[in-house]
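One letter stands for each residue in the lines below.
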Amino acid sequence: MHAKREEKLEYIHWLKGLGIVLVVFGHFYASLFVLPGFETARNAVYIFHMPLFMAISGFLYARAPRLPVGALLKKKFGRLLVPYISISGVILAAKLTAGLLHFGLRRPVNVQDGLAFLFYPHQGFACFLWYLYTLFVIFGVMGLLDLFRTPLWMCVAVAVGARFLPLPPYFCLDLAGQNLIYFVLGMVFARLAGTVAARNFRTNGGLVVGAWMVFGALAWLVQTPGAKIQVVFWSASIAGIIASWLTALRLGQGGGGVLAWLGRASSAIYLLHTLVMGVVRYIWEEHLGVDSSWARILFLTSSVGLGLVLPVWFQQYVLDRIPHASRLFLGLDPAPRPSAPQQNP
């Protein structure tokens, strides 16, 4: 029974892989040029790529055994905040080193970053780590809701209400309020998993195409000059999540392929990819040059490609062999070494 249940969740690795590719693509940065159409593509990705990971977290939370609030927070402190602290230190050292080399940074370190690190990381020097801090806060909220045996429908109501509350930025409360709805959406998906409707989704390619068309239309509305309707942005985010989920149900059931391989190491990629991409940018902009169109395309592909692959190899060949380092930088016990990627037939 347990093995069959786990097999049905193999597509989650594929879904994580899709999400982490979008994250790395969205974090590409070049200080000397702008690729035509890149900002439009990045803005579309930003609509739903982190909400997708919030939904995945909610899905897995709903399927896991419930823990008391204290035990849940202790577990998530090690899983989320320990890597947040350690990776922040590594990024701080890297940025200070880049400053000594007079290399232009997108977000230099300043005197306010100490407070930002403690209270609002989304405004600090390692702003992409907001996800870890915010997710920890959301787990605390869900632990309290579970303590009072809150039904799912009421969790949805709380999440919708929090989405429109003017919460302060301290302790990422504003981001927790904005993203709780996506976490709860994942819990709804967990409730629906295995139903007749879900089984039909796995084989209905037309539904997948239609879902992406809906997302495309909403993303176009979001990016229309002057469009600031939050409900449209919220709807586009949910549409992107649903389209991605249906695509994974359609293509990722076997748990194989490059995306599933990347998805199994998504934590390492998320935490380490900006360091890799910073080094790649330094090499291209300071030494190789990006004057030609071909050089710019190679810069993009090498930055994204190495940002995806090198963290996986670093996890496999370094962190998985040093348990304390794995817990410190990934918040994970070393995993069995994953097999090389295989394409689905």
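Asker: Whenever I open this one, the overall build of the chain confuses me. Can you help?
Answerer: The helix and strand inventory of the chain stands at 15 helices and zero strands. Contacts in the chain between residues far apart in sequence, at least 24 positions, make up 78% of those at least 6 positions apart. A total accessible area of about 17,400 Å² is found for the chain, and carbon and sulfur atoms account for 69% of it.

Asker: Can you help me understand unusual backbone geometry in this one?
Answerer: Keep in mind that most residues, glycine aside, have a negative phi and that most peptide bonds are trans. Even without being glycine, F171 reaches a positive phi, approximately 60°. Topologically, F171 is positioned in the loop between α7 (152–163) and α8 (173–192). The class for F171 is partly exposed, based on a relative accessible area of 41%. Phi at C172 is positive, roughly 60°, even though this residue is not glycine. Topologically, C172 is positioned in the loop between α7 and α8.

Asker: Before we go on, may I ask you to explain the packing of aromatic side chains in this structure?
Answerer: Each pair of aromatic rings is reported with the distance of its centres and the angle of its planes. Using the criterion set out here, one finds 19 aromatic pairs in the structure. Each residue in the set F25, F28, F38, W284 and F299 is aromatic and connected to the rest through ring pairs, giving one cluster. Across from the ring centre of Y61, 4.4 Å away, lies the NZ or CZ of R66, which sits over that ring. The ring of F139 has K76 sitting right over it, with the charged end atom 4.4 Å from the ring centre.

Asker: What is the right way to read the environment of F136 from this model?
Answerer: Mapped onto the secondary structure, F136 falls in helix α6 (residues 130–147). You can call F136 buried: its relative accessible area is 17%. Linking F136 and F77, residues 59 residues apart in sequence, is a C-alpha distance of 7.2 Å. Not counting chain neighbours up to four residues away, the residues in contact with F136 comprise L73, K76, F77, L80 and L81.

Asker: Just checking my understanding: could you explain the pattern of salt bridges for this structure?
Answerer: Any two side chains of opposite charge can pair, on the condition that their charged atoms come close. Enumeration according to the criterion identifies five salt bridges in this entry. Notably, a salt bridge pairs R264 with E10, separated by 2.8 Å at the nearest N-O pair. Placement of R264 in the loop between α12 (257–263) and α13 (266–288) and of E10 in helix α2 (residues 10–26) is noted, with a sequence separation of 254 residues between them. Overall, the relative accessible area of 22% leaves E10 in the partly exposed class. Where R281 meets E285, a salt bridge forms, and the shortest distance between an N and an O atom there is 3.1 Å. Taken together, the residues R281 and E285, both in helix α13 and four residues apart, mark about one turn of the helix. Residue R281 is classed as buried on the basis of its relative accessible area, which comes to 6%. You can call E285 buried: its relative accessible area is 11%.

Asker: Sorry if this is basic, but what is going on with the nonpolar core here?
Answerer: Generally speaking, soluble globular proteins have nonpolar side chains that are buried together. If you look at the biggest cluster of nonpolar residues, it comprises 100 residues, and the most contacted ones within it are F28, L129, Y131, M142, W245 and Y270. Sequence-distant contacts of Y270, that is, excluding residues within four places in its chain, are made with I20, V23, M50, F128, L129, W130, Y131 and L132.

Asker: Even after reading the chapter, I still don't get the packing of helix α3 (residues 38–63) against helix α11 (residues 230–251), so can you show me in this structure?
Answerer: A pair of packed helices is captured by two measures, namely the crossing angle of their axes and the spacing between those axes. Orientation of α3 relative to α11, taken along the N-to-C sense of each, is 60°, at an axis distance of 9 Å. Classed by the angle they form, the pair α3 and α11 counts as oblique. Taken as a pair, α3 and α11 cross one another with a handedness that is right-handed. Seen from α3, the contacting residues are I47, F48, P51, L52, A55, I56 and F59; seen from α11, they are F233, A236, S237, G240, I241, S244 and W245. Grouping the amino acids of the contact of α3 with α11 by side-chain chemistry returns 11 nonpolar, three polar and no charged.

Asker: Which parts of the structure should I look at to understand a nonpolar patch on the surface?
Answerer: The grouping of L165, L167, Y170, F171 and L173 at the surface amounts to a nonpolar patch, some 460 Å² of accessible area in total. With respect to the helices, strands and loops of the structure, L165 is situated in the loop between α7 and α8.

Asker: What should I look at first to understand the side chain of R163 in this one?
Answerer: Mapped onto the elements, R163 comes out in helix α7. Despite its burial, R163 remains without a salt bridge, the nearest opposite charge being carried by D174 at 10 Å. For R163, the side chain forms a polar contact with the main-chain oxygen of Q178, separated by 3.4 Å.

Asker: Just checking my understanding: could you explain the confidence of the model for the chain for this structure?
Answerer: Scored by pLDDT, the chain has a mean of 87; 88% of the residues are at 70 or more. For the stretch residues 1–7, pLDDT sits under 50, and the model shows two contacts to residues farther than four places along the chain or on other chains.

Asker: I'm lost on the packing of α2 against helix α14 (residues 293–317) in this one. Help?
Answerer: Where α2 meets α14, the axes come as close as 9 Å, and the angle between the chain directions of the two elements is 135°. Classified by the interaxial angle, the pair formed by α2 and α14 is oblique. As for how α2 packs across α14, the hand of that crossing is right-handed. For the pair formed by α2 and α14, the contact residues are I20, V21, V24 and F25 on the first element and V304, G307 and L308 on the second. Classifying every residue of the contact of α2 with α14 by side-chain character gives six nonpolar, one polar and no charged.

What counts and how
- Residues numbered from 1 in each chain as written.
- Predicted model: local features only at pLDDT ≥ 70, side-chain atom pairs only at ≥ 80, totals over all residues.
- Heavy atoms only, no water.
- Helix = DSSP H or I, 4+ residues; strand = E, 2+ residues; numbered from the N terminus.
- Contact = heavy atoms within 4.5 Å.
- Areas by Shrake-Rupley, 256 points an atom, 1.4 Å probe, with all protein chains shown as cover.
- Buried < 20%, exposed > 50% of the residue type's maximum accessible area, 1.4 Å probe, protein only.
- Phe/Tyr/Trp six-rings, centres within 6.5 Å; stacked < 30°, edge-to-face > 60°.
- Lys NZ or Arg CZ within 6 Å of the ring centre and 35° of its normal.
- Salt bridge = Lys/Arg side-chain N within 4 Å of Asp/Glu carboxyl O.
- Core = buried A, V, L, I, M, F, W, Y, C linked by side-chain atoms within 4.5 Å.
- Axes fitted to C-alpha atoms, helices over the stretch in contact; angles between N-to-C directions.
- Parallel < 35°, antiparallel > 145°, perpendicular 65-115°, else oblique.
- Left-handed = near helix turned anticlockwise from the far one by under 90°.
- Nonpolar A, V, L, I, M, F, W, Y, C, P; charged D, E, K, R; others polar.
- Patch = residues over 30% accessible without salt bridge, like charges linked within 9 Å, V, L, I, M, F, W, Y side chains within 5 Å.
- Lys, Arg positive; Asp, Glu negative; His and termini not counted.
- Polar contact = N/O pair within 3.5 Å; in protein donor to acceptor, adjacent residues only side chain to side chain.
- pLDDT = per-residue confidence, 0-100.

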